[in-house]
Structure formats: C-alpha cells, structure tokens
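Working through the structure, step by step
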Amino acid sequence: MEKPAISNFIRNLIDADLAQNKNQGRVATRFPPEPNGYLHIGHGKSICLNFGIAKDYQGSCNLRFDDTNPERENLEYVQSIKDDIAWLGYQWSELRFASDYFEQLYEYAIELITQGKAYVDSLSSDEIRSYRGTLTKSGKDSPFRNRSEEENLKLFKAMRAGEFEDGQHVLRAKIDMASPNINMRDPILYRIRHVSHYRTGNQWCIYPMYDYTHCISDAIEGITHSLCTLEFEDNRALYDWVLDQLDVPSHPQQIEFARLNLEHTVMSKRILNRLVDEDHVSGWDDPRLPTISGLRRRGYTPESIRDFCERIGVTKKQGTIAMGVLENSIREDLDQQAPRRMAVLDPLRVVIENYPKGQTETVTASNHPKFPQMGQRPLTFSGVIFIERDDFMESPAKKFFRLAPGREVRLRYAYYITCTDIIKDDRGEIIEIRCTYDPATKGGASADGRKVKGTIHWVSADHAANAEIRLYDRLFRVPNPAAKADFLEHVNPGSRVVLTRCKVEQGLVDAPPESRFQFERQGYFCTDRQDHSRSRPVFNRTVTLRDTWAKIGKTAGA
RNA sequence: UGGGGUGUAGCCAAGUGGUUAGGCACCGGAUUUUGAUUCCGGCAUACGCAGGUUCGAAUCCUGCCACCCCAGCCA
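Residues numbered from 1 in each chain as written. Chains lettered and ligands numbered in written order. Predicted model: local features only at pLDDT ≥ 70, side-chain atom pairs only at ≥ 80, totals over all residues. Heavy atoms only, no water.

Describing the domain arrangement of chain A
As a reminder, the rule being used: Residue ranges for the domains trace back to a domain assignment, done automatically or taken from a database.
Split into domains, chain A comes out as domain 1 (9-95 + 215-324), domain 2 (102-211), domain 3 (343-457) and domain 4 (465-557). Using only C-alpha atoms to locate each centre, domain 1 and domain 3 end up separated by 50 Å.

Structure below.
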C-alpha cells in the first residue's frame, strides 16, 4: 500500500507558492540550532519537517548553527548535533554558521545606522527595561535615540574596536517605542560581550542578537521558507522589518508551528540540564531522556523517530502527544526488523526429571516467525533449564495459562513439560521446579495433536550466558512534569531497573553494540552502545511488547 | 479597555459550503508454537459557545468564552 502523502498547513502554503511560481519554484529550508545543548525529539520534529520538505520538493535544507551567543556554545555541541542529524538519516545541503556572517552582519548594521534606522544607546540594561514599558503601557524614547549618524557610526565602530566595557552601549533598531508589539520597541541588535567565541575566538567583542541575525542569515542563504516554533510569532514583524530596510539577496517567509510536547517527559532545556547536572540521569544519552542520543541508546531506530514525527503532524495547535504514539512507532519498526531471541530476565531453575542425565540436544528456533529468510538458529536443550519466574504460579490465578503444578505447557521450539513438584527453601521461597517432558513433542508439536494453552521461553542452564539487562520506563510519573515546580519529586523511581542475574542465549554475547532484538514474550532490547561487550553483555529494554495479560491482571485486581 | 496565536471524539490530525479521512488509545472477535504480530468489527450524528447568512455550514458573518505566547544586552 502506498502511504498517503503528508499534508499540513506548511506544505499547503508551499504548494500555493509553487503554483504561483514564487521563488522561481525553489524550496529552501534550514535547521538552525544553537550549539548550546543536545538535540531532543522536539528538535527531531523540526528536523523531519525541514529536511523532509527539502526532500519531497527536491529542494535544499541547510544546517546552520545559530551561534551568536558565545557564552554557552561550544564545539562538543556542534559535533553532537551533526551526529544526531546524520544518525536520523538526513544530509544537509550546506553547513553554515551564523558566526561566518559576523562581518556581513556588521556591514548591514552600518547600513542601518547610515539610514538612520539604528542608533547606539548608552542606557543601562535596567534603564532600557524600564524605558521599554509594559505589556499594557507603551515605552518611551531613550535620550540617546537621536544621536547623529556620525556619532552613531563612531560609537558603533568603537564598540567593535573594544573601547567599551560589557553593557556600556548597545546598538538598537529605531522603530517604535509605542508599538503594541514589544519586539518592535527599538529592539537591541548588538551587545558588547568580551567573551571568546568558540569559532571566532577574540576577533569580536560585539555580538549580534538573534532577531537581527536570523533573518539576515536566512536571506543570505536564499532560504524560501523559514520554519520556526510558535513563540516566535511576535518576532516575525521584526524579521520582516530588518529585511525590508536592507538590500539583502532575498526575503524569506517565516512560518511558525507548534513545538512537540510528549507526556511523561520534558523537553525544556532548563529541566533537562538539571536532570543531567544533578545526576538524576546518567548523562545526555541516558536511555530515559527524550534526547536523540538517549533514544538512540535506548534502542530507538531513526526510522521509528521519522515515522513518529510524520504521524504527529504539524499544526499551530499546541498539544501533548501520548508516549504510546512513540512506542507504537518503535514497536511497529522493530517487529519487522528485530530478530527473535530468548532471554530469561528473572530465572527460575527447572529440572526435567525424566530427561537423560548429562544429555544435550539441539533444537531449531526461527529468527522471525514471519520472515523465514531471516534464518534459524540452533539452541541447546538439556535437562536443567531456566524459565521466567513469572511463568510459574503455585496457585494459578484465573486465566493464567502458563506453568503450574500438574499443568502442561510448551517450551518454545523444544518440548511439552508438565510440572510435578516444587522445591522451596527454608523461607518458603520457590527455588526450583521439577517437571517431566514428553519426548514425543520435540520442536514443540505433539504427535497426538493435543494442545497446551501456554508457550513459554527458556534457556538451558549450562548453555546460557549471564547478562545485565536494564529495564527502562517513563522518566516521570505525571503526564506534564514541566508544569510542576517540584518536578524532581515526580521522577519515576522505577524508571530504571537493573537486572544483573539474567540468562540469555549464548549467541547474544557476540552481538555488536546497538544490535536490536526481540526477546520473545518480553519486548525489544538492544545491546548498550557504551557498556556492552562480550565479557560483559548489557542490554537495554527499548519497549515492552503489548501485554494483554498484564491488562487482565490489572482488571482482575491481581 | 496591549499585541500575537489556537480551539474537530480520551490523545494527535485531515478537512478551505454539498458521498461524516486517517493514526494512537480503548472495547469485542478470528488466526497464532510469542497472552506478540496479523486480520475483521466497534468507538453510539467530533467540529469551543451563542446567534446569523444559505436549499445546505466544521468551513462564510457577528458576538462571546477558554487556553497558549510576548516586557533577556537568550535563542
């Protein structure tokens, strides 16, 4: 089946532009992160939007680092952002840096001053704030607003030359201090900052502001559609104003869309920073985080993230997506891709009493129930195996159709077994199960056609490998943690559970990092990108399988 | 009594005056050597509210309501 074409208001606008041959039929977008942090799934939405449009319209999409604030930007972030975008499967048309435009930006500022559209203000930041007025009260003109062109030029050049301290002067646009749009009340264009920039070093001590830089950068690059999030709606007037004053190569159209919100997690850089800095998580790539690197480490595929971004759509309405939508995307992908394996997370020893002592044999398991081309693998079976503790109940609940005293179940790909006895320790804990097997059921099918209700997974005790398995769950217990002042109190204590006594198929230890599997009846897991090795196998649970039994359990109050 | 936005089922989301897209979630049922997957069916007439225009309105008009964003020398 052909997927239906993506439709959203931005693509509709582009279609309309194309129909009028606007921009000579060209479509050019850009993804413009500030390199001051790691990318998260919210950026992923923007990446898929911008790069996706470029792809579908045979256009271009630049990666431009919006690096105009030297205080918090660095190369490490630049690198991680490039890595994440590449990993997501996108290639930028051109790599640009706003800092590459510093000289041009400066020239344009001179042009503005010459036109009488910008002036050097010498008010303090506190004064500027109070002169700005409020949401309901208009601002008033700075006493420095009417400096002469010569004086402005002289001061601005002196600012660049480093003749002033931080904060002593700023360059402002001369627009309208009474504008109902606060962004238009003589916005600051340049500030003095004697800080070394990670790319330009000490070449500059004045740095252009976002509103001034972004529109000009877009215009220089010939961007046709400049897509950004809703909070910039009010900045659009300024975006257009700047470009209207200047003799720039083009005038891109800014279009705003709603940013992504996901339930039970946070997208705010401020909160993410605290979680990392205060060690509530292990780092920016902690598998519980919605960062691209976290999702990657968790086991998400680039395809699943792109699919998710496509499903959620692009609108101007601010909504919150349920985590189930993301989970659905990864399950759908992994169900197709991931080879099946057996792993026992919480092992319970089972001795098969009528199995010849010391004997072993090979059974064959398929790597994917629906795709024979994915092959098969041999599994060693023996008289002592491990099964999941959950798969046995001494007094089975209603509708429980796994192993219980006197009950027969199928060991996947092996034999039918029947529980004959339970061994407990002094404290009454079950430490071992005794069973018998039916030799006529090898491979898991009975000769007489009798059925069993349950099929459970297993590994042979002497032929399994030990592994560490990390179970991850939603980071926060509440749907909207960002709305809570004490969000740290709502971190889900069970968001990470480390199991160290797991038993997995021997072949699994040789899997390279970032290999993905379905552990049958459990979920999708991947070898940890950092910690997994042959000598110390470590798996992360990406997502569980859908679990109807768990639902039945809950409803029954079990 | 500032300005800018947004309101379509539990959550997303198409739709731009005239056969009630779709997805997620949820509920049934069929198949199944994963309580998975897959497949069928349901989700009782959803368009913020109130008026109006029209043969006909989620779509056009008027008024109202709710929520979000803006007063960094951040982006």
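Some details on the sheet that holds strand S3 (residues 95-97)
For clarity, the threshold we go by: Think of it this way: DSSP has to see at least two bridges between two strands before they count as a pair. Secondary structure follows DSSP: runs of H or I at least 4 residues long count as helices, runs of E at least 2 residues long count as strands, and numbering of each begins at the N terminus. Whenever a helix is involved, its axis is fitted only over the stretch in contact; in every case the axis is a line through C-alpha atoms, and angles between N-to-C directions fall within 0 to 180 degrees. By definition in these notes, contact holds between two residues if any of their heavy atoms fall within 4.5 Å.
Taken in spatial order, the three strands line up as S1-S2-S3 in an open sheet, and their pairing is parallel. Where the open sheet ends on each side, the last strands, each with one partner, are strand S1 (28-31) and S3. On average, each strand axis in the sheet is tilted by 35° relative to the strand beside it, whichever way the strands run. Both S1 and strand S2 (residues 60-65) contribute to a ladder of four bridges, which runs parallel. Among the inter-strand pairings, Thr29 is bridged to a residue of S2, identified as Cys61. Sheet strands touched by helix H2 (residues 41-56): S1 and S2. Its angle to S1, the strand with the most contacts, is close to 155°. Its contacts with the sheet place helix H3 (residues 75-88) against S1, S2 and S3, and it is angled at close to 160° to S2.

Re the pattern of salt bridges
Inclusion rule: When a carboxyl oxygen of Asp or Glu is within 4 Å of a side-chain nitrogen of Lys or Arg, the pair counts as a salt bridge. Throughout, exposure labels follow a simple rule: accessible area from a 1.4 Å probe, protein chains only, divided by the maximum for the residue type, with under 20% read as buried, over 50% as exposed, and the rest as partly exposed.
Scanning the entire structure with this criterion turns up 46 salt bridges. The partner of Arg193 in a salt bridge is Glu71, with the nearest N and O atoms 3.4 Å apart. Of this pair, Arg193 sits in the loop between strand S6 (188-192) and strand S7 (206-208) while Glu71 sits in the loop between S2 and H3, and the two are 122 residues apart along the sequence. Using a relative accessible area of 47% as the deciding quantity, one classes Glu71 as partly exposed. The salt bridge involving Glu231 is made with Arg259; its shortest N-O contact spans 2.7 Å. Separated by 28 residues along the polypeptide, Glu231 in the loop between strand S8 (225-229) and helix H8 (236-245) and Arg259 in the loop between strand S9 (253-257) and helix H9 (269-277) bring together distant segments of the chain. Looking at Glu231, the relative accessible area reads 42%, which means it is partly exposed. Overall, the relative accessible area of 44% leaves Arg259 in the partly exposed class.

A word on the nonpolar core
For clarity, the threshold we go by: What makes a nonpolar core is a set of buried Ala, Val, Leu, Ile, Met, Phe, Trp, Tyr and Cys residues whose side-chain atoms join them at distances within 4.5 Å.
By size, the foremost hydrophobic cluster in this structure holds 37 residues, and its most contacted members are Phe156, Leu171, Tyr190, Tyr212 and Ile216. For this core, the secondary-structure elements that each account for two or more residues are helix H4 (102-114), strand S4 (118-121), helix H6 (149-160), strand S5 (170-173), S6, S7, helix H7 (210-221) and H8. Considering every element that reaches this core, the biggest residue donor is H4, with eight residues. For Leu171, the contacting residues outside a window of four places in its chain are Ala109, Ile113, Ala118, Tyr119, Val120, Phe156, Met159, Pro187, Ile188, Leu189 and Tyr190. If you look at the next biggest cluster of nonpolar residues, it comprises 36 residues, including Phe31, Ala54, Ile292 and Ala338.

A short note on the protein's contact with RNA strand B
To keep it simple, the criterion reads: Consider each residue's heavy atoms; a residue with any of them within 4 Å of a molecule or strand counts as near. Each polar contact in these results corresponds to two N or O atoms within 3.5 Å; when the atoms are within protein, one needs to be able to donate a hydrogen and the other to accept it, and residues that are neighboring in sequence are counted only if both atoms are side-chain atoms. Side-chain classes follow a simple rule in which Ala, Val, Leu, Ile, Met, Phe, Trp, Tyr, Cys and Pro form the nonpolar group, Asp, Glu, Lys and Arg form the charged group, and the remainder, Gly included, forms the polar group.
Arg72, Lys370, Arg412, Gly443 and Arg546 are the nearest of the 72 residues found near RNA strand B. The contact atoms of RNA strand B, taken as those within 4 Å of the protein, divide so that sugar and phosphate hold 66%. A distance of 3.2 Å separates a base nitrogen of RNA strand B from a polar backbone atom of Leu123. Separating a sugar or linking oxygen of RNA strand B from a side-chain N or O atom of Arg410 is a distance of 2.5 Å. Listing elements by their share of the surface near RNA strand B, those giving two or more residues are helix H5 (125-131), S6, helix H11 (302-312), helix H12 (323-337) and helix H13 (548-555). Partitioned by chemical class, the residues of the surface near RNA strand B number 23 nonpolar, 23 polar and 26 charged.

Topic: H8
Along H8, the residues classified as buried are Leu238, Tyr239, Trp241, Val242, Leu243 and Gln245. Buried residues in H8 make contact with H4, S5, H7, S8 and S9.

Some remarks on the pairing of strand S12 (residues 347-352)
Judged by how many residues are buried, S12 sits mostly within the fold: five of six residues are covered. Two strands pair when backbone bridges link them, and S12 and strand S15 (residues 384-388) are joined in this way by five bridges, in the antiparallel orientation. Opposite Val351, over in S15, you have Val384 as the bridge partner. Pairing of S12 with strand S18 (residues 430-438) involves four bridges; the strand directions are parallel. By the bridge assignment for S18, Val351 is matched with Arg434.

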